[in-house]
Amino acid sequence: MENLSILLPEIFLSLAIFVTLLIGVFFKDSYNLVTKIIYAIIVILILIIFNTFTESFDLFSNSYISNSYTNFFKILILISALFTLIITQAYIREKNINYFEYSLVLLLSILGMFIMISSNDLILFYLGLELQSLSLYILAALDRDNLKSNESGLKYFVLSALASGLLLYGCSLLYGFTGSTNFEQINLNAGLENTGAIFAMVFILVGLAFKVSAVPFHMWTPDVYEGSPTSVTSFFAVVPKITGIAVIIRFMQIPFAQLVDHWQPILVFISLASMILGAVAAIGQTNIKRLIAYSSIGHIGYALAGVATGTINGYNSSIVYISIYVIMNLAIFACIFLMQKEGKYCENLDDLSGISSKHPFLSISLLIILFSLAGIPPLAGFFAKFYVFMSVVESKMYVLAIIGLLSTVISAFYYLRIIKIIYFDELKKPFDSTKNIGVYFTLSLSCLILISFFIYPSFLNNIVETLLIN
Amino acid sequence: MDFPILSLITILPLVGAIFIFIFDNNQSENKNTIYVSLFTSFVNFFLALFLWYSFDKNTADFQFIEEANWINGFIKFKFGIDGISILFIVLTAFITPICIISCISSIKKRLKEFLIAILVLETFMIGVFCSLDLVIFYLFFEAGLIPMFLIIGIWGGPKRVYAAFKFFLFTLLGSVLMLVAIISIYWITGTTDVVQIYEIKIPVEFQYLLWLAFFSSFAVKMPMWPVHTWLPDAHVEAPTAGSVILAAILLKMAGYGFLRFSIGMFPIASEYFIPLIYTLSIIAIIYTSLVALMQEDMKKLIAYSSVAHMGFVTLGIFTFTKQGIEGSIFQMLSHGIISAALFLCVGVLYDRVHSRLINSYGGIVNILPKYAFVFAIFMLGSLGLPGTSGFIGEILVLLGTFQKSFLAAILASIGIILGAAYMLWLYKRVVFGKLEKKELLELKDLNYSETVILFSLAILTLVFGFYPNLILDTIHVSVDNLISDYQNSLILNLLK
């Protein structure tokens, strides 16, 4: 029984969700109360996980593990969820979608992600995945009076269910051909001569690629990003991506470790296609949320390039990449929440034109974020790309490195276009001045991190390098 | 370790910029901003002079070395200078205050942001010349794009957006290939420390591709024909101070890069690619001179003349003779002064008449005598008249080239004649002739700050023209060392 203390974060999280649900139901207009409780829950969870950060355990006959790798991702998820909640508060209130279920469903999806990351067993993994996905469907359709939000929820549901189906089919094939659902057992049995396992690997990879919106399974991303309420988009763009990368790395490292020659070309292709499509398709966008959708497709491509190397250094670089990506995306969504004209939130790039003369802080932040997204030194985004390409070149995948870096040039074009709109164009109409402390705090903090990252760029690496040494 | 003067000299402008950014929120009153930026840039200039003074000219080793762990112990932060880089640092520190003085009157909007951009750019430029680690070098080399992009885009002319994008994307495209090469070098040699790479020597089979990757970056930045097309656009659209920095310093980063990285790290490949460089340089010299001859726009003409002058620089570097390389360095420094001054001269006219077209002027010698005088000095310097610094650079480069290739030297000499043609013709059309245009009659001659700037540049042009040893003394030992290292590697390769 004492082993159950390992599960403390998950148990605490589930109990907290039920208790908060009851509170939410019994109190009227309970949104504010529930949100405050949820802040507390997240902070407590971070502390709990931090407390046992380096200890590694396995539970339930090795089907559930907890080590510094899973703990790192759990903390990353919690921190980004916390900041997402902070920056979305004003938006949610003004849009009248302050249902207390929002933050609860968000927590539920986090519980699902915890299970996905920690699972060492296909069945448990699938349970976590479904818990996460179902919560995300609800979140996408949260603005229930809005046609677009409903459409995006439905679209996401249909396509994601298909991907889950493929993934489940892969899991069953894998069980059939290796005789086990345990990751390590699968690794022992999924040798190179096991053709069935290769098929299963492809199906599972497709399902996972869908979840992180990598090309060619990205079609849902722009529509869902655009249609969902921005508060939900900011969550979508960040937290499920962390989980996706964490899970892909775990799958590649443990059950499919022997199949590296087979999944490597697939991942290289997915990564290249994502980089190129993310760069090219974003050029024509006029809606900033769609643009971020394409840019996130591109960024997932870079993160997957690290995984595609199949080396520890590559995995580490992907983890660093996704961490920096989280900071940049939180920052850019914080900026979107400041784009308000006469009480309405703007989503068009044209609305940004010439704001530099009236909103120096917002413009300089966007400048930093966009140059960082484009990967220009000395900002943090450069180091993210630098580490990834270090590991890619180490594995002698020169084509991936060169095409990847060339696509950064293409993607630089549309980031520059936004900067051009902000700085070079004439002012049309200034934004309302808002006093949203949460947003300003998040924005300044992340910009500070992005600028000062170069002073001590191995900060993240030092943490990440300890994770994967098992 | 001694006092970290290189870090200080690099960081100081940035500190000034941050200071302006944080403490000066008074939009209407720009006085404090100007004082702070002038103060930091002048202090930096004097620091650079002090650095030059305390620099030991008798050794080819790197001096004032600073090292620190940077990325996980596998990439070090390393600063250090030798006889070649010290002069570029001094040039940068000298040009920046001049830009700041010149922009005070000519920049009408957002002066504060402009000064911040210039100061940040100065940090990045000095960083490029100080760094002895490839990653650090790349960091500064690329980071310079951000402020320059903004300078062209915010304060530029009517087609500024196009010019800024072209500048940014061209340079970035060249540079990402260099980044791949840098990372590859790390995995080949296990370090990105330039001094160590010189000693380890990169295996010959890798050198060719790596050389091409570095070349792609430097050729764009230099700029060499046929990737020079961003330069005229950027120059024409950039504000005067932006053009000055672009011509005087940013272009020199590429020449410096060839000297420090391409030759030092890939001697065999450098030897192999000599014909390519010669061809491109000669085409640049002759073709762009011809193009310059036909320009209607003064800034464009000077921009094309820059491309031609940079052709001499690449030609000189790849002669691998003492005269050629010293001539190239001298040419870069003298071009830094002269082209800066020429852009300032155009800026003086543009501020008064708001036209850069040659045919909107004529006969201004009658009303602007002081201006006509300094303009003449720079014009003559640019075409390489003996007695000006332009002459020393070109004659040394040609001396070097004659030893290697007679044909290239002859063709390059044609470029000098063409250079004289377009410069003299420009001067004739703008300054001489009859004063017919009415709007020119009211022009005022140089004001106080313009006089100070232009005359100090003119004096430097003449001083370096009459006493080139001031510069050559500093670089002799380093260049000797560069050439002997290069020849040793060639011999070693032959013996294998």
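Worth saying up front: this structure is predicted, and the values here are computed from it rather than measured. (Residues numbered from 1 in each chain as written. Chains lettered and ligands numbered in written order. Predicted model: local features only at pLDDT ≥ 70, side-chain atom pairs only at ≥ 80, totals over all residues. Heavy atoms only, no water.)

1. A word on the overall build of chain A
(1) Moving on: From N to C terminus, chain A includes 19 helices and 4 strands.
(2) Moving on: Counting the 470 residues in chain A, one finds 65% classified as buried.
(3) Moving on: Relative to all contacts within chain A whose residues are 6 or more apart in sequence, the contacts with residues 24 or more apart total 80%.
(4) Moving on: Approximately 16500 Å² of chain A is accessible, and the part contributed by carbon and sulfur atoms is 67%. (Helix = DSSP H or I, 4+ residues; strand = E, 2+ residues; numbered from the N terminus. Buried < 20%, exposed > 50% of the residue type's maximum accessible area, 1.4 Å probe, protein only. Contact = heavy atoms within 4.5 Å. Areas by Shrake-Rupley, 256 points an atom, 1.4 Å probe, with all protein chains shown as cover.)

2. Comments concerning the packing of aromatic side chains
Residues and elements named next belong to chain B.
(1) Moving on: Enumeration according to the criterion identifies 66 aromatic pairs over all chains in this entry.
(2) Moving on: Look at Phe 149 and Phe 168: their rings are 5.2 Å apart centre to centre, the planes differ by 70°, and that puts the pair in the edge-to-face class. Of this pair, Phe 149 sits in helix α6 (residues 145–155) while Phe 168 sits in helix α7 (residues 160–189), and the two are 19 residues apart along the sequence. Pair check on accessibility: Phe 149 and Phe 168 agree, each one buried.
(3) Moving on: Here the guanidinium or amino end of Arg 429 rests over the ring plane of Trp 425, the centre of that ring lying 3.7 Å away. (Phe/Tyr/Trp six-rings, centres within 6.5 Å; stacked < 30°, edge-to-face > 60°. Lys NZ or Arg CZ within 6 Å of the ring centre and 35° of its normal.)

3. Side note on the packing of helix α1 (residues 8–26) of chain A against helix α4 (residues 101–118) of chain A
Residue and element names in this part refer to chain A.
(1) Moving on: In the contact formed by α1 and α4, the axes pass within 10 Å of each other and the chain directions differ by 165°. One way to sum up the angle between α1 and α4 is to call them roughly antiparallel. Along this stretch, α1 crosses α4, giving a crossing that reads as left-handed. Contact residues: Glu 10, Leu 13, Ser 14, Ile 17, Thr 20 and Leu 21 in α1; Leu 104, Leu 107, Leu 108, Ile 110, Leu 111, Phe 114 and Ser 118 in α4. (Axes fitted to C-alpha atoms, helices over the stretch in contact; angles between N-to-C directions. Parallel < 35°, antiparallel > 145°, perpendicular 65-115°, else oblique. Left-handed = near helix turned anticlockwise from the far one by under 90°.)

4. Let's talk about helix α10 (residues 230–237) of chain B
All names here are of chain B.
(1) Moving on: Burial analysis of α10 places 8 of its 8 residues in the buried class, the great majority of the element.
(2) Moving on: Of all the positions in α10, only Trp 230, Leu 231, Pro 232, Asp 233, Ala 234, His 235, Val 236 and Glu 237 are classed as buried.
(3) Moving on: Turning to α10, the residues buried within the fold contact α6, α7, α9 (204–221), α11 (240–265), α14 (298–317) and α15 (322–353).

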